[in-house]
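# Understanding the architecture of this molecule
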Amino acid sequence: MTHESRATFGSKLGVVLATVGSAVGLGNIWRFPYMVGENGGAAFLLIYVLCILFLGLPVMITEFFIGRHSHRNAAGAFKEIAPDSKWSVIGYNGVLAAFMILGFYSVVAGWTLEYILQAVTGSLSNKSAAEFANDFSVFSTGIIKPILWTFIFIALTHIIIVSGVKKGIERASKVMMPMLFIILVILCVRSLTLDNAEKGISFLFNPDFSKITSSVILSAMGQAFFSLSIGMGCLITYSSYFSKATNLQRTALEVTILDTLVALLAGVMIFPAVFSFNIQPTAGPELVFITLPNVFGQMSLGSLWSFIFFVLLALAALTSTISLHEVATAYVLEEHKMSRRKAALLVSGGILVLGIISSLSLGIWKQYTIFGLTFFDFLDYVTAKIMLPFGGMLICFFVGRRVDKKILKAELTNEGSITFHFFNTYAFFMRYVAPIAIGLIFLNELGIIKWINGIILQ
Ligand code: TRP
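What counts and how
- Residues numbered from 1 in each chain as written.
- Predicted model: local features only at pLDDT ≥ 70, side-chain atom pairs only at ≥ 80, totals over all residues.
- Heavy atoms only, no water.
- Helix = DSSP H or I, 4+ residues; strand = E, 2+ residues; numbered from the N terminus.
- Rg over C-alpha atoms; globule rule 2.2 N^0.38 Å.
- Buried < 20%, exposed > 50% of the residue type's maximum accessible area, 1.4 Å probe, protein only.
- Contact = heavy atoms within 4.5 Å.
- Areas by Shrake-Rupley, 256 points an atom, 1.4 Å probe, with all protein chains shown as cover.
- Lys, Arg positive; Asp, Glu negative; His and termini not counted.
- Charge placed at Lys NZ, Arg CZ, Asp CG, Glu CD.
- Expected span 1.5 Å × (residues − 1).
- Axes fitted to C-alpha atoms, helices over the stretch in contact; angles between N-to-C directions.
- Parallel < 35°, antiparallel > 145°, perpendicular 65-115°, else oblique.
- Near = heavy atom within 4 Å.
- Polar contact = N/O pair within 3.5 Å; in protein donor to acceptor, adjacent residues only side chain to side chain.
- Core = buried A, V, L, I, M, F, W, Y, C linked by side-chain atoms within 4.5 Å.
- Patch = residues over 30% accessible without salt bridge, like charges linked within 9 Å, V, L, I, M, F, W, Y side chains within 5 Å.
- Salt bridge = Lys/Arg side-chain N within 4 Å of Asp/Glu carboxyl O.
- Phe/Tyr/Trp six-rings, centres within 6.5 Å; stacked < 30°, edge-to-face > 60°.
- Bend = angle between axes of the 7 residues up to and from the residue.

Here we take up the overall build of the chain. The helix and strand inventory of the chain stands at 19 helices and zero strands. A compact globule built from 458 residues would reach a C-alpha radius of gyration of about 23 Å, and the chain, at 21 Å, matches this within 12%. Each principal axis of the C-alpha distribution contributes one length, and for the chain these read about 60 × 60 × 45 Å. The 458 residues of the chain split such that 59% are buried. Taking as baseline every contact in the chain between residues at least 6 positions apart, the subset at least 24 positions apart corresponds to 82%. Looking at the chain as shown, the accessible area adds up to about 18,300 Å², and 67% of this sits on carbon and sulfur atoms. Placing the 31 positive and 24 negative side-chain charges of the chain at their respective mean positions leaves the two points 7 Å apart.

Have a look at this one:
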């Protein structure tokens, strides 16, 4: 495939919105609150924000550099910049991560469809907090329904992927993202005016530093990578469609700020309600699904609000699954010279198999575990906490070692036509701080640092 024949995103706004569309999704509204809840609240949030700023942002700019500089997919990009090297392993790690993330993400995305239906049929109203929790558990551990929704969600993603890059992705993101933002603000206001709301706010913003453990740090780093869609070539693939005029640094900053803002809004929407309705913050993946219906129940026209909210959430999830699917499809299509239709079909089939297994692993296959985790949790853990940070670390190593700083600077400043005030700071973080910090967090979690300390102190 020649470079000229590749699609590009249409407008400037389209670029930012499509990338925000990839970043903002279930990661912000479903995964972020449950990670905060499981990892002790504000202390986690603090580390999360530090990870976003000092690891996430530099990695994102670096992915943008690789993508637009090479104009290739996640694996091909490395072959283009460093032919005859082993660096394309970063891309393979990414393609594999795309499959694995979609394997559990599509299941949760399917849950949002069930909630849309429930909002329409009115079965989300007039229930107690305990009933909502029980009903969700019955649904999500079932067999047919969740699998059917997973299938439908994958089919939707598939249709958009086959219809081409520009039309599908751009159209979907342009309208839906701003709407989602507005409804989140409305829900925050409702949640903040519930009884006991202040307890939730204190949980979210008043850090207890004794809660910071190596596992909390690893979770926060994983969440930062997951939420920003970095570490696996997703943004390499997207930025390969950027035009030469796109301001990469500014786009990265805007995407990072918007993504973090949405996560914070989700936190402010969820935690006051969690405490108000006596739900356990540590409830895990079900947290959002058992908390939100209670909030809607407290609003007039609650079913309408919940319908609008879950439609927008499903669409936010869709713009994210599209970006993940595109990583795998662009790879299969360009590296194995297949038609788009065939490549996409292959990818969708693979995801469906993983999706079915991970959905069943919450119910009838609960007893089959890998390292003590259900298949669903295993996919989530391995991708967010290992593959993405590992990929991010390698991406930094790659650009730090293989790319001439002049070429890097030329690409990031559009051949000198825009300024990059913090280029040296960025380069320093990308080359040294980010990879070393990620490496240390890994070693720490694995207990290796403790072990070395023990040897030194003996
Ligand atoms: N960031 C998205 C979310 O928060 C999920 C996602 C899309 C993703 N593309 C990704 C996560 C690439 C990791 C890597 O919902």
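The subject of this paragraph is helix 7 (residues 144–162). For helix 7, built from 19 residues, the straight-helix expectation of 27 Å at 1.5 Å per residue is met to within 8% by its first-to-last C-alpha distance of 27 Å. For helix 7, the complete set of buried residues consists of Pro-146, Ile-147, Trp-149, Thr-150, Phe-153, Ile-154, Thr-157, His-158, Ile-160, Ile-161 and Val-162.

Their axes nearest at 9 Å, the elements helix 2 (residues 26–38) and helix 13 (residues 287–297) cross at an angle of 105 degrees. Judged on the interaxial angle alone, helix 13 and helix 2 are roughly perpendicular. Listed contacts from helix 13 to Ile-29, Trp-30, Pro-33 and Tyr-34 of helix 2 are Leu-287, Val-288 and Phe-289.

The ligand sits among 17 residues. The nearest are Ala-23, Gly-27, Tyr-105, Phe-226 and Ser-229. Take Asn-28: an N or O atom from its side chain is 3.3 Å from an oxygen atom of the ligand. At a separation of 2.5 Å, an oxygen atom of the ligand approaches a polar side-chain atom of Tyr-105. Protein contact buries 100% of the 360 Å² of open area that the ligand shows by itself.

When a protein is soluble and globular, its nonpolar side chains tend to lie buried together. Membership of the largest hydrophobic core comes to 155 residues, with the highest contact counts inside it found for Trp-111 and Phe-309. The dominant element in this core, judged by the number of residues it contributes, is helix 5 (residues 89–121), at 17 residues. Those residues in contact with Trp-111 that lie beyond four places of it in its chain are Trp-30, Phe-136, Phe-139, Ser-140, Pro-146, Pro-285, Phe-289, Leu-362 and Phe-376.

Another aspect to go through is a nonpolar patch on the surface. Together, Ile-143, Ile-144, Leu-148, Phe-151, Ile-152, Leu-156, Ile-364, Trp-365 and Tyr-368 make up an exposed nonpolar region whose accessible area comes to about 870 Å². Of note, Leu-148 is situated in helix 7. Residue Leu-148 is classed as partly exposed on the basis of its relative accessible area of 48%.

This part takes up the pattern of salt bridges. Oppositely charged side chains may form a pair once their charged atoms are brought near each other. By the definition in use, this model includes ten salt bridges. Ionic pairing is found between Asp-208 and Lys-211, a salt bridge with its closest N-O pair at 3.7 Å. For Asp-208, a relative accessible area of 32% translates into the label partly exposed.

Note on placement: Ser-323 falls in helix 14 (residues 302–335). Judged by relative accessible area, Ser-323 falls into the buried class, the value being 2%.

So, on to the packing of aromatic side chains. Taken as a whole and assessed by the stated rule, the structure comprises 33 aromatic pairs. Both rings, one in Phe-296 and one in Phe-309, keep their centres 5.8 Å apart while their planes meet at 50 degrees; by these two values the pair is tilted. Separated by 13 residues along the polypeptide, Phe-296 in helix 13 and Phe-309 in helix 14 bring together distant segments of the chain. With relative accessibility at 3%, the residue Phe-296 sits in the buried group. The class for Phe-309 is buried, based on a relative accessible area of 0%. When the ring of Phe-423 is compared with that of Tyr-426, the centres are 6.1 Å apart and the planes differ by 55 degrees; the resulting orientation is tilted. Taken together, the residues span about one helical turn, with Phe-423 and Tyr-426 both in helix 18 (residues 423–445) at a distance of three residues.

Compared with the 33 Å implied by 1.5 Å per residue over 23 residues, the 31 Å span of helix 18 between its first and last C-alpha is a close match. A bend of about 45 degrees at Phe-429 is the largest found in helix 18. For helix 18, the full list of buried residues reads Phe-423, Tyr-426, Ala-427, Phe-429, Met-430, Ala-434, Pro-435, Ile-438, Gly-439, Ile-441 and Phe-442. Buried residues along helix 18 sit against helix 3 (42–70), helix 10 (214–228), helix 16 (375–402) and helix 17 (405–412).

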